[in-house]
Protein chains: 2
Amino acid sequence: MANTEYAKGLEGVIAAESKICRIDGENGKLFYLGYSIEDLARNTSFEETTYLLLYGELPTPTELESFRARMRAGRDLSPAVLHMIKEFPPQSHPMELLQSVISYLSGYVEHKIQHSAYCNCRDTLHQISQIASVVAALHRFRQGLEYVPPRSDLSHGANFLYMLHGEEPDPEDGRIMDACLVLHAEHSFNASTFTARVVASTLSTCYSSVSAAIGALYGSLHGGANERVLAMVDEIGTKDNVEPWLEKALAEKRKIMGMGHRVYRAKDPRAIIIEEYLQELGKRKGNTQYYEILKELERAFRERMEEKGKPIYPNVDYFSGAVYALLGIPARLFTPVFAMGRAPGWLAHILEQRSDNRIYRPKALYVGELGKDFVPSSERKSG
Amino acid sequence: MANTEYAKGLEGVIAAESKICRIDGENGKLFYLGYSIEDLARNTSFEETTYLLLYGELPTPTELESFRARMRAGRDLSPAVLHMIKEFPPQSHPMELLQSVISYLSGYVEHKIQHSAYCNCRDTLHQISQIASVVAALHRFRQGLEYVPPRSDLSHGANFLYMLHGEEPDPEDGRIMDACLVLHAEHSFNASTFTARVVASTLSTCYSSVSAAIGALYGSLHGGANERVLAMVDEIGTKDNVEPWLEKALAEKRKIMGMGHRVYRAKDPRAIIIEEYLQELGKRKGNTQYYEILKELERAFRERMEEKGKPIYPNVDYFSGAVYALLGIPARLFTPVFAMGRAPGWLAHILEQRSDNRIYRPKALYVGELGKDFVPSSERKSG
């Protein structure tokens, strides 16, 4: 590249090697450490997938048992953190709180950074566990309810629903919640994962890195799409309104939320799985409207796009918001739930970054003024 | 570039255009928005330089007056934040707390993110002000002392010393502290500033972005060098011990801290300025030992490097730790003081990133396994 050439947003630029995630966009396939997302979502718990991401291989039954016990032992929140949550201003976004709490948790752990060793991500499972606890506790406090201490006999997903609602969830609800977290656990480089790696590359702690990643996920260009899909579905209202709504939306050149993905040229494999959950949940809860509207919109939109020769398929965000809504999760918590799922992926990338590290220090192309004479304050005029 | 080529740590890769900072490494010059660091350090306050970074031009007297009033009005900490500081575990690092507090502050501001508008960095000056207040408050609590509320008649640097020590600093001490913050306010892309830009590129808030940058600065490859310089000076002990110490250190291939810089091929212009402060402070405080040891080490080390034909010069970290020590700042707070100074630079880059944004999404080069058969838990054997 010539000296002044660059790709905005580093698009297409390789930032590092990675063994964690493979996305086969052409064929709509996704793999964590070589295992297909279908296999993982259908056969493993979130805790098992977390183990896979942190250790690079699926656990034996004994390994899983001890790992699970460690993760579950870290669920409960300390009084100082509960105080932070309670005092958090009522209108503010849960992601701001999450980012803050995760770096605060760092203070509870003895690090060896500023020295030769690092904090050990694999020993800090409580940060994964507590993201769920913080989200649940904040929701309860905002409803004027009490904090529900965690249970250690439930899966990560089921325990989250328990701490959120204060009652044990239907086992199928718990399983679906847990599987949704598996589906979100990892997706190669993106702004939040890249942020985690950049921060980790300074040899900062994994808490600092995960906290920073949460800050990136908070941005409206990154997390938050499923929240907007659900708002769109609410706006459409009924299956019969899909055609006229879409006609109008396309005429107004509005973006259809949850459609298309920069990597997948086929349907996002996560969307295929999560669509099943939505159908199953809808039947069980006697609320099939979300499913019907989304499927009708998918059909109608694809028809129009195929006419133009550019098929666009739903991505994972297209169905996930409706699933969460049927599980009783308010839309405001959708991005925090994304963070709950993605935390092990961030930690896996932090570990990988450290294993062959160089600090990220790209260059800026200076395009500003070359030298200005200093003018004393009294002689300055406003521009 | 071929499909699999990449520069580790993005070294040499241009990540974006920038008008904020020019580093002329060959000639040892540094400019913020076209103004030389010498002019700024000698003629402007930290508040004035902050205005320059956030508005792109130096303020008129009226503009500066109202800007300064806004910055000073944001110094005091809320009870919730004071509680967070008090409860922060005693052994943990102040940078972890700072990262947490800055994202927590975000909750006190109404953002329009997730919508079309952004939070306005120029209206969030309290986050710059409060970094200093948090650092001072933490130090006092850890000494078993009370929080000292800020004063609005002191410069940013002088007020920090006031809040730290509980008494008004000598005016010259205040001026030097303030000038040190000017010297650290901006230094183009580096891991923390790049982190701030990556997070900002998702359209997250400036709090989330600054918080993330603090996390990056915390890493031992980034902030913290001046702390290690001071430890080295303490180890050397006396001017007469410099030669034997250096001889031994070089024989053991130890790194001489605070020497060399990836960009400057001449002496870091900030080191030249800060060296004067150290000399002046040393005389006034009757403690010239730091200065003498550092100057002797600089001379002895340069002599040896020139013999090898590769001159290496001191960077800004070489003298700053000793200056801070003479101002009564404990070594544990040096990296937080760096963050206090750098905050306006981060905000300037966040503003610039937003003004012509594309989300940072580089690629990973996948080098992992291509597809593995899922093995049920009961059939797995430990590796």
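What counts, and where the lines are drawn
Residues numbered from 1 in each chain as written. Chains lettered and ligands numbered in written order. Predicted model: local features only at pLDDT ≥ 70, side-chain atom pairs only at ≥ 80, totals over all residues. Heavy atoms only, no water. Pairing = 2+ DSSP bridges. Helix = DSSP H or I, 4+ residues; strand = E, 2+ residues; numbered from the N terminus. Contact = heavy atoms within 4.5 Å. Buried area = accessible area lost by both parts, 1.4 Å probe. Salt bridge = Lys/Arg side-chain N within 4 Å of Asp/Glu carboxyl O. Polar contact = N/O pair within 3.5 Å; in protein donor to acceptor, adjacent residues only side chain to side chain. Least-squares fit on C-alpha atoms with pLDDT ≥ 70 in both. Axes fitted to C-alpha atoms, helices over the stretch in contact; angles between N-to-C directions. Parallel < 35°, antiparallel > 145°, perpendicular 65-115°, else oblique. Left-handed = near helix turned anticlockwise from the far one by under 90°. Domains from an automatic or database assignment.

Draft legend 1. Structural view of the sheet that holds strand β4 (residues 35-36) of chain B. Residues and elements named next belong to chain B. Taken together, the three strands give an open sheet; going across it, the order is β2-β3-β4, and neighbouring strands pair in antiparallel fashion. The two strands at the open ends of the sheet, each matched to only one other strand, are β2 (21-24) and β4. Across two bridges, strand β3 (residues 29-32) lies against β4 in antiparallel orientation. Bridge pairing in β4 places Y32 opposite Y35.

Draft legend 2. Highlighting the interface of chain A and chain B. The interface is formed by 107 residues belonging to chain A together with 107 residues belonging to chain B. Buried surface at the junction of chain A and chain B, both sides included, amounts to about 9500 Å², of which 60% is carbon and sulfur. For B:E11, the salt bridge is made with A:R358, and the minimal N-O distance between the two is 2.9 Å. Counting every contact that joins chain A to chain B gives 49 residue pairs in polar contact (both at pLDDT 80 or more).

Draft legend 3. Representation of the relation of the copies chain A and chain B. Mapping chain A onto chain B calls for a screw motion: a turn of 180° about the axis and a shift of 0.0 Å along it, with 0.0 Å RMSD after fitting. Overall, the copies show the geometry of a two-fold rotation axis. Of all interface residues in chain A, 100% are interface residues in chain B too; the two copies therefore contact each other through one and the same surface.

Draft legend 4. Looking closely at the packing of helix α9 (residues 191-200) of chain B against helix α10 (residues 206-218) of chain B. Residues and elements named next belong to chain B. Put simply, α9 and α10 touch, their axes get as near as 8 Å, and they point 150° apart. In terms of their interaxial angle, α9 and α10 are classed as roughly antiparallel. Relative to α10, α9 is oriented so that their crossing is right-handed. Taken together, the residues of α10 that come into contact with α9 (itself represented by A191, S192, T195, A196, V199 and A200) are S208, S209, A212, A213, A216 and L217.

Draft legend 5. The arrangement of the domain arrangement of chain A in detail. All names here are of chain A. For chain A, the assigned domains read domain 1 (17-224 + 331-355) and domain 2 (227-326). Between domain 1 and domain 2, the C-alpha centre-to-centre distance is 27 Å. Between domain 1 and domain 2, a total of about 2500 Å² is buried, with carbon and sulfur atoms accounting for 59% of that surface. When residues of domain 1 are sorted by the area they lose upon contact with domain 2, I176, L183 and F334 head the list and together hold 24% of the total. Counting the contacts that link domain 1 with domain 2 gives five salt bridges. Note that D173 and K285 form a salt bridge whose closest N and O atoms lie 2.5 Å from each other. Scanning the region where domain 1 abuts domain 2 turns up eleven residue pairs in polar contact (both at pLDDT 80 or more). Put simply, the parts of the chain that give the side of domain 1 that touches domain 2 at least two residues each are β2 (21-24), β3 (29-32), α1 (37-43), α8 (171-184) and α16 (334-355).

Draft legend 6. Summary view of the pairing of β2(A). Residues and elements named next belong to chain A. Relative to β3, β2 runs antiparallel, the two being bridged by four bridges. Within β3, the residue paired with D24 across the bridge is K29. Where β2 hands over to β3, the hairpin turn is made up of four residues, of which G28 adopts a positive phi near 65°.

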